[in-house]
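The chain contents come next:
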Amino acid sequence: MKAILHADKKWGIGKGNDLMFSLPQDMKFFRETTRGKVVVMGLNTLRSLPGGNPLKNRVNIVLSPEEVKKDGVVTVHDFGELFEELKKYPPDDVFVIGGASVYRALFPYCSEILVTRVDADGGADVFVTNLDEDERYVLQSESEPVEDNGQIIRFCTYRNIAPLTDL
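A. Representation of the overall build of the protein chain. Of the regular secondary structure elements, the protein chain holds 4 helices and 11 strands. Its C-alpha radius of gyration of 15 Å places the protein chain within 12% of the 15 Å reference for a compact globule of 167 residues. Taken over 167 residues, the protein chain has a buried fraction of 47%. Restricting the contact set of the protein chain to residue pairs at least 6 apart, pairs at least 24 apart contribute 62%. As displayed, the protein chain has an accessible area near 8500 Å², and 49% of this comes from carbon and sulfur atoms.

Encoded structure:
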């Protein structure tokens, strides 16, 4: 399993249940990376998507205490159900896409975390673990800085040196 997200320089990932930046290159990277794959998200992340609808051309698994009655959504109610559902898919095809509580719970199980780092403070109200300060994660690769809609970004891959495997 992997995770994918963008984070500002304070490891903020969102504000008001929305993204902090409009980053076309980051969105393209997200689309190309997750298309045809499995995405795992919480209910608030689903609600933040356009129209509150699941992402096209992906298996959308939503972790929610309530049943989500939308075509294209597989609802799981707890992590036990999630891990059972994930056994149906190759681990490298599964991407955790948010929100913060889902990232916090599942980062330890992710072999890689793909982070688009934005060199700005987005005024976030939701944050994830600072992977640079957590000894479980090693920066495996980092792109050269590129400009994306007025922001400087870097595409980074962090490797989990000892991912949990008891899915």
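So much for the structure itself; the text now carries on.
B. Main features of helix 1 (residues 24-34). Among the residues making up helix 1, those that are buried are Asp-26, Phe-30, Thr-33 and Thr-34. One face of helix 1 carries all of its buried residues, which in axial projection span an arc of 80°. Tucked inside the fold, the buried residues of helix 1 contact strand 1 (2-7), strand 3 (38-42), strand 6 (94-98), strand 7 (112-118), strand 10 (146-148) and strand 11 (151-160).

C. Just the nonpolar core, in detail. If you look at the biggest cluster of nonpolar residues, it comprises 30 residues, and the most contacted ones within it are Leu-5, Leu-106, Phe-107 and Ile-113. Elements represented by at least two residues in this core include exactly strand 1, strand 3, strand 4 (59-63), helix 3 (79-86), strand 6, helix 4 (100-106), strand 7 and strand 11. For this core, the leading source of residues is helix 4, giving 4 residues. Leu-106 has contacts with Met-1, Val-40, Phe-79, Leu-82, Phe-83 and Val-96, leaving out every residue within four places of it along the chain. Membership of the second largest hydrophobic core comes to 14 residues, among which are Leu-55, Phe-95, Ile-97 and Leu-114.

Definitions and limits used
- Residues numbered from 1 in each chain as written.
- Predicted model: local features only at pLDDT ≥ 70, side-chain atom pairs only at ≥ 80, totals over all residues.
- Heavy atoms only, no water.
- Helix = DSSP H or I, 4+ residues; strand = E, 2+ residues; numbered from the N terminus.
- Rg over C-alpha atoms; globule rule 2.2 N^0.38 Å.
- Buried < 20%, exposed > 50% of the residue type's maximum accessible area, 1.4 Å probe, protein only.
- Contact = heavy atoms within 4.5 Å.
- Areas by Shrake-Rupley, 256 points an atom, 1.4 Å probe, with all protein chains shown as cover.
- Arc of directions from axis to C-beta.
- Core = buried A, V, L, I, M, F, W, Y, C linked by side-chain atoms within 4.5 Å.

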